[in-house]
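In case you want the letters, here they are:
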Amino acid sequence: MIEPRQGMGATLRQNIEDLTARQREDALRAPLSDKVADRITRFTGSMTFVVLHLVLFGLWISINLGVLPVVPRFDPTFVALAMVASVEAIFLSTFVLISQNRMAAVADRRADLDLHVSLLTEHELTKLAGLVERIATKLDVSADDPGFAEIHADVEPVQVLDALDESRKEKGID
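Reading the values: rules and limits
Residues numbered from 1 in each chain as written. Predicted model: local features only at pLDDT ≥ 70, side-chain atom pairs only at ≥ 80, totals over all residues. Heavy atoms only, no water. Axes fitted to C-alpha atoms, helices over the stretch in contact; angles between N-to-C directions. Helix = DSSP H or I, 4+ residues; strand = E, 2+ residues; numbered from the N terminus. Parallel < 35°, antiparallel > 145°, perpendicular 65-115°, else oblique. Left-handed = near helix turned anticlockwise from the far one by under 90°. Contact = heavy atoms within 4.5 Å. Buried < 20%, exposed > 50% of the residue type's maximum accessible area, 1.4 Å probe, protein only. Salt bridge = Lys/Arg side-chain N within 4 Å of Asp/Glu carboxyl O. Phe/Tyr/Trp six-rings, centres within 6.5 Å; stacked < 30°, edge-to-face > 60°.

(A) Representation of the packing of helix α3 (residues 47-65) against helix α4 (residues 79-138) in the model. α4 packs onto α3 with a crossing angle of 160° between their chain directions and a minimal axis gap of 11 Å. As summarised for this structure, α3 and α4 are arranged roughly antiparallel, according to the angle between their axes. Handedness of the crossing formed by α3 with α4: right-handed. Residues Phe49, His53, Phe57, Trp60 and Ile61 of α3 touch α4, and the partners they reach there are Ala80, Leu81, Val84, Glu88 and Leu92.

Spelled out as structure tokens, the structure:
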């Protein structure tokens, strides 16, 4: 049986290991509040949480409807149940928002990394295109493809962002 990483190059394997190690370090350095919010969010997004609520709320409702007469009714109008559910919803939504904010920050960092790597790659390819053109000239090989001329210019990220912003405004997206 072939291991999944066997077909990958050493550099790719090393990058995966480095990024995984960085994620572990970031998780260890996370503030306690983020760790708690993530654990609570993870639990509340599980089937265990759903089953637990089905059982608890089912018992609460059954007892207070008189379906289970062995236990005295303690909330016949379900006001306490509504209050408990409301307070729980407030706290759970807060924990979810904390986790989402942290995940958004991580996604922003990844997007920044992607942008920087893409710009570096584009810059390197522009340099390679110039080198290939000089080699083609030296070997007297034609390089008159109209698309080739576009490769010679470095992309200016600020200009691209300005063009994207302008396009969004024209389309009413903003």
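Having seen the model, we can carry on.
(B) Region of interest: the side chain of His53. Mapped onto the secondary structure, His53 falls in helix α3. Assessed through its relative accessible area of 15%, His53 is described here as buried. Here His53 is in contact with Gly58 and Glu88, once residues within four sequence places are set aside.

(C) Local environment of the packing of helix α2 (residues 32-44) against α4. Viewed as axis vectors pointing N to C, α2 and α4 meet at an angle of 115°, and their least axial separation amounts to 9 Å. Regarding α2 and α4, the two cross each other, and that crossing is left-handed. Between α2 and α4, the contacting residues are Asp34, Ala37, Asp38, Ile40, Thr41 and Thr44 on the first element and Leu92, Phe95, Val96, Ile98, Ser99 and Arg102 on the second.

(D) Region of the structure containing unusual backbone geometry. A positive phi angle is found at Phe78, which is not glycine, with a value near 65°. Following the sequence through the fold, Phe78 ends up in the loop between α3 and α4. With relative accessibility at 23%, the residue Phe78 sits in the partly exposed group. In this structure, Asp140 is a non-glycine residue whose phi angle is positive, near 60°. Of note, Asp140 is situated in the loop between α4 and α5 (146-151). Residue classification places Asp140 among the exposed residues on the basis of a relative accessible area of 71%.

(E) Summary view of the environment of Thr121. In this structure, Thr121 sits in helix α4. For the pair formed by Thr121 and Glu166, sequence separation is 45 residues and the distance between their alpha carbons is 25 Å.

(F) Local environment of the pattern of salt bridges. Tallied over the full model, the rule gives 5 salt bridges. For Asp26, the salt bridge identified is with Arg22, shortest N-O distance 3.4 Å. Within this pair, Asp26 and its partner Arg22 are both found in helix α1 (residues 10-29), separated by 4 residues, close to a single helical turn. Given a relative accessible area of 24%, Asp26 falls into the partly exposed group. A residue is classified by how much of its surface remains accessible, and Arg22, at 40% relative accessible area, is partly exposed. Of the charged contacts, one joins Asp38 and Arg102 as a salt bridge, the two residues approaching to 2.8 Å between their closest N and O atoms. Of this pair, Asp38 sits in helix α2 while Arg102 sits in helix α4, and the two are 64 residues apart along the sequence. Salt bridges sharing partners connect three or more residues here, namely Arg22, Asp26, Arg29 and Arg109.

(G) How the structure looks around the packing of aromatic side chains. Counted by the stated rule, this structure contains 2 aromatic pairs. Arranged with centres 5.6 Å apart and planes meeting at 85°, the rings of Phe43 and Phe49 form a pair that is edge-to-face. When the ring of Trp60 is compared with that of Phe74, the centres are 5.1 Å apart and the planes differ by 65°; the resulting orientation is edge-to-face. In this pair, Trp60 is assigned in helix α3 and Phe74 in the loop between α3 and α4, connecting sequence segments 14 residues apart.

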